[in-house]
Amino acid sequence: IGQEIYNKKKDNLPLLIGTTSCLAPLPFIMLVNSPQSAVTSALQRPTVFALFLALCGGCAATTGPNVRAIMMNVNDSEVRGTVFSAFTLFDDLGKGMGPSLIVAMTAIFGRRMAYTLAFCFWWMSGAILFMVRKSLPADAAKSGGSLLPMKHK
């Protein structure tokens, strides 16, 4: 779907991934803040409500592959490895620091508030993705021209 949107109108792809990044935290926030009886049945199994929220939260999976595709399309092949290295570094940094920050926030605010705040940070990511909408068509029109220094042949 992302590639089709990109091919039709490039600035609509950041709109899609920004929207999904902003909507994805809502089911998780509802799940974390719902009473135990709303998410777990008497048999200690997930309720239909909990399964529905988890399914809705799956819209977050749209962002990662589409951000990679955008980066692939706007960077020259000579610098693509550097760009993806930086992307992977920051992605892994978030995966490593995220749990540590949640532990610290849980100690300060409690479990529900810590997770609610963590999910709210996705809105900052969504805002950044919305801003990409302004520059993506121009960046793509440069035929992969990059801001990174390139070796002269």
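Rules and cut-offs
Residues numbered from 1 in each chain as written. Predicted model: local features only at pLDDT ≥ 70, side-chain atom pairs only at ≥ 80, totals over all residues. Heavy atoms only, no water. Axes fitted to C-alpha atoms, helices over the stretch in contact; angles between N-to-C directions. Helix = DSSP H or I, 4+ residues; strand = E, 2+ residues; numbered from the N terminus. Parallel < 35°, antiparallel > 145°, perpendicular 65-115°, else oblique. Left-handed = near helix turned anticlockwise from the far one by under 90°. Contact = heavy atoms within 4.5 Å. Nonpolar A, V, L, I, M, F, W, Y, C, P; charged D, E, K, R; others polar. Buried < 20%, exposed > 50% of the residue type's maximum accessible area, 1.4 Å probe, protein only. 1 Å grid on protein atoms, 1.4 Å probe; cavity = no way out; pocket = protein on both sides within 12 Å on 5 of 7 lines; lining within 4 Å. Points joined across faces, edges and corners; volume = space filled by probe spheres on them. Expected span 1.5 Å × (residues − 1). Bend = angle between axes of the 7 residues up to and from the residue.

Visitor: Looking at this structure, how should I read the packing of helix α2 (residues 12–23) against helix α6 (residues 63–74)?
Guide: Helices that pack against each other are described as a pair by the angle of their axes relative to one another and the distance between those axes. The N-to-C vectors of α2 and α6 enclose an angle of 150°; their axes lie 10 Å apart at closest approach. If you check the angle between α2 and α6, you find them roughly antiparallel. Of the two elements, α2 crosses α6, and the hand of that crossing is left-handed. Where α2 abuts α6, its residues L13, P14, I17, T20 and S21 lie against T63, N66, V67 and I70. Its residues placed into classes, the contact of α2 with α6 shows five nonpolar, four polar and no charged.

Visitor: Where do I start with the environment of M30 in this structure?
Guide: Positionally, M30 belongs in helix α3 (residues 25–33). Residue classification places M30 among the partly exposed positions, given a relative accessible area of 41%. Each C-alpha atom, one on M30 and one on A50, is 9.3 Å from the other, the two residues being 20 residues apart in sequence. Setting aside chain neighbours within four positions, we find M30 in contact with F49 and L53.

Visitor: Would you mind going over the layout of surface pockets with me for this structure?
Guide: In this approach a probe as big as a water molecule rolls over the atoms, and the regions it shows empty are the leftover space. Reported here for the largest pocket is a volume of approximately 1700 Å³. Together, 44 residues line the largest pocket, and V67, F87, F90, D91 and S125 are the ones closest to its centre. Among the elements of the structure, α2, α6, α7 (77–109), α8 (111–120) and α9 (122–141) are those that each provide at least two residues to the lining of the largest pocket. With 14 residues, α7 is the largest single contributor of residues to the lining of the largest pocket. Residue composition of the lining of the largest pocket, grouped by class: 28 nonpolar, eleven polar and five charged.

Visitor: Before we go on, may I ask you to explain α9 in this structure?
Guide: For an α-helix, 3.6 residues make a turn, and residues three or four places apart therefore share a direction. Taking 1.5 Å as the rise per residue, α9 with 20 residues should run 28 Å; its terminal C-alpha atoms sit 29 Å apart, in good agreement. Helix geometry: α9 is bent most strongly at S135, by close to 50°, with proline P137 lying one to four residues after it. Within α9, burial applies to G126, L129, L136 and A140. Here the buried face of α9 lies against α1 (2–8), α2 and α6.

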